[in-house]
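Chain by chain, the residues run as shown.
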Amino acid sequence: MRIQDKVIVITGGASGLGLATARYMVQEKGARVAIFDMNTEAGEKAVKEIGAEHTLFVQTDVSNEESVQNAVNAVTARFGAIHVCINCAALPTPCKILGKEGKATPLAKFAQVTAVNVNGVFNVMSKCAEQMAKNEPEAGEERGVVINISSGAAYEAQIGQVAYAASKAALLGMNMPAARELGDVGIRVNAIAPGLFLTPMVQTLDEKIVAALKGQIEAPKRLGDMREFAHCCAFIVENAYLNAETIRLDAASRLRAR
Ligand SMILES: NC(=O)c1ccc[n+]([C@@H]2O[C@H](COP(=O)([O-])OP(=O)(O)OC[C@H]3O[C@@H](n4cnc5c(N)ncnc54)[C@H](O)[C@@H]3O)[C@@H](O)[C@H]2O)c1
């Protein structure tokens, strides 16, 4: 799908990888972008920086059905359609199975992560797909593209990432049934599993942890540049034959247990 003039919904687009992608899609590819994020201050700042003519921010909780429906309505009212949906919003909250003194971790702690990282993706993907299905097919075949952002933690997560890993692996499971079902209406569904990129989410981690993680990056031996992530999103949108696939964008890094 050509990106020029298309409408792209980016959840979590007020920060980190989502924000870098919003910037890239508007400034380098000529798209219009709608940012769905909880953080109003950061969202409004992003619109100012990227340019209000091509960017919309809607305060949204991806885990809430009404909130996402209102956000989708705001996008169609402003831009008239939705062509691409990039699901970046996520919680990285650590969670172990057994807490202090061997006590079982409360279910609510696990469920808080999956509510945003799994239910939130389904919620936004399904409501965007409903709109995409109304588009005129491009080149007679494509009405929309969904990109769900997973993580290297879906494959080799560390101790303390049981909820995050489960949530990110769930997105890989969604890839095939979603691509098969939505393929009937001309929508492709792919995922990206990033390695370590220098974003605010990573900056919240302890310095020692970041240093240890950096040591596990193979080649090139550095954190990912957020533009490299945005470029990967653009490639997925532009390549019409890529479907139900996960791209590991991680410089061949494989996390160790701790
Ligand atoms: N940064 C990395 O190195 C890395 C590595 C692997 C995977 N990822 C994945 O990439 C994605 C983006 O990561 P990032 O580092 O840019 O994160 P970030 O913390 O910089 O941004 C996440 C954004 O999501 C928003 N958000 C959180 N909960 C929300 C909700 N319920 N509704 C709407 N918005 C909500 C936050 O307000 C924030 O703006 C995430 O899915 C993350 O799991 C990141």
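In this numbering scheme, every chain counts its residues from 1 along its sequence in written order. Local features in this predicted model are restricted to residues of pLDDT 70 or higher, and side-chain atom pairs are both shown and tallied only at a pLDDT of 80 or more, whereas totals for entire chains, interfaces and linings draw on every residue.

The subject of this paragraph is the pairing of strand β6 (residues 187-194). Consecutive side chains of a regular strand alternate in pointing toward one face of the sheet and then the other. Within β6, eight of the eight residues are buried, which leaves the element mostly enclosed by the surrounding structure. The side-chain alternation of β6 yields two buried faces, one formed by I187, V189, A191 and A193 and the other by R188, N190, I192 and P194. Any two strands are treated as partners once DSSP identifies two or more bridges connecting them. Helix and strand labels come from DSSP, where a helix needs a run of H or I of at least four residues and a strand needs a run of E of at least two; each type is numbered from the N terminus. Relative to β6, strand β5 (residues 144-149) runs parallel, the two being bridged by six bridges. Looking at β6, one finds that I149 is bridged to I192. Look down the strands so they point away from you; if the path from the first strand over the helix to the second goes clockwise, the crossover is right-handed. As for the winding sense of the linkage, the β-α-β connection from β5 through helix α5 (residues 162-183) to β6 is right-handed. The pairing of β6 with strand β7 (residues 246-249) spans four bridges and is parallel. Bridge pairing in β7 links P194 to L249. We call a residue exposed when 12 or fewer other C-beta atoms sit within 10 Å of its C-beta, buried when the count reaches 20 or more, and partly exposed for counts in between; the C-beta positions come from the backbone.

A few words now on the packing of helix α3 (residues 65-79) against helix α4 (residues 107-132). The N-to-C vectors of α3 and α4 enclose an angle of 35°; their axes lie 10 Å apart at closest approach. In terms of crossing hand, the pair formed by α3 and α4 is right-handed. Contacts between α3 and α4 involve E65, V68, Q69, V72 and T76 on the former and, on the latter, N123, V124, K127, C128 and Q131. Note on residue categories: nonpolar means Ala, Val, Leu, Ile, Met, Phe, Trp, Tyr, Cys or Pro, charged means Asp, Glu, Lys or Arg, and polar means any other residue, Gly included. For the contact of α3 with α4, the per-class residue count stands at four nonpolar, four polar and two charged. To define axes, lines are fitted to C-alpha atoms, for helices over the stretch in contact only, and angles between the resulting N-to-C directions are given on a 0 to 180 degree scale. A clockwise turn of the near helix away from the far one marks a right-handed crossing, whereas an anticlockwise turn of less than a right angle marks a left-handed crossing. Throughout, a residue-residue contact means that the two C-beta atoms, derived from backbone geometry, are no farther apart than 7 Å.

The next subject is the pairing of strand β2 (residues 32-37). Judged by how many residues are buried, β2 sits mostly within the fold: six of six residues are covered. For the handedness criterion, the β-α-β arrangement of strand β1 (residues 7-11), helix α1 (residues 16-27) and β2 is classed as right-handed. Judged from the five bridges that link them, β2 and strand β3 (residues 55-59) form a sheet pairing that is parallel. Within β3, the position partnered with I35 by the bridge is F57. For the handedness criterion, the β-α-β arrangement of β2, helix α2 (residues 40-50) and β3 is classed as right-handed.

Next up on the list: the environment of F79. By the element assignment, F79 lies in helix α3. For the pair F79 and H54, spaced 25 residues apart in sequence, the C-alpha separation works out to 9.1 Å. When neighbours within four sequence positions are excluded, F79 is seen to be in contact with V7, R32 and A34.

Cis geometry is adopted by the peptide bond preceding P220, which originates at A219 and carries an omega value of 0°. When you line up the elements, P220 lands in the loop between α7 (207-214) and α8 (226-238). Of note, A251 is a non-glycine position whose phi angle comes to about 50°, a positive value. The backbone phi angle of A252 is positive, close to 60°, even though this residue is not glycine. Relative to the elements of secondary structure, A252 occurs in the segment after β7. A residue is classified by how many C-beta atoms lie within 10 Å of it, and A252, with 11 of them, is exposed.

One open sheet holds the seven strands; their spatial order is β3-β2-β1-β4-β5-β6-β7, and the pairing between them is parallel. Each end of this open sheet is capped by a strand with a single partner; those strands are β3 and β7. Taking each pair of neighbouring strands and ignoring which way they run, the sheet shows an average axis angle of 15°. Packing of α1 onto the sheet brings it into contact with β1, β2, β3, β4 (84-87), β5 and β6, and relative to β1 it is tilted by some 165°.

So, on to the packing of α1 against α8. The description of two packed helices rests on the angle between their axes and on the distance between the axes. Running from N to C, α1 and α8 cross one another at 65°; their axes reach a closest spacing of 8 Å. Considering only the axes of α1 and α8, their crossing is right-handed. Residues L17, A20, T21 and Y24 of α1 lie in contact with α8, whose contacting residues are M226, R227, F229, A230, C233 and A234. Considered class by class, the residues forming the contact of α1 with α8 number eight nonpolar, one polar and one charged.

Relative to the elements of secondary structure, L198 occurs in the loop between β6 and α6 (200-203). L198 sits 35 residues away from A163 along the chain, and the two C-alpha atoms are 22 Å apart.

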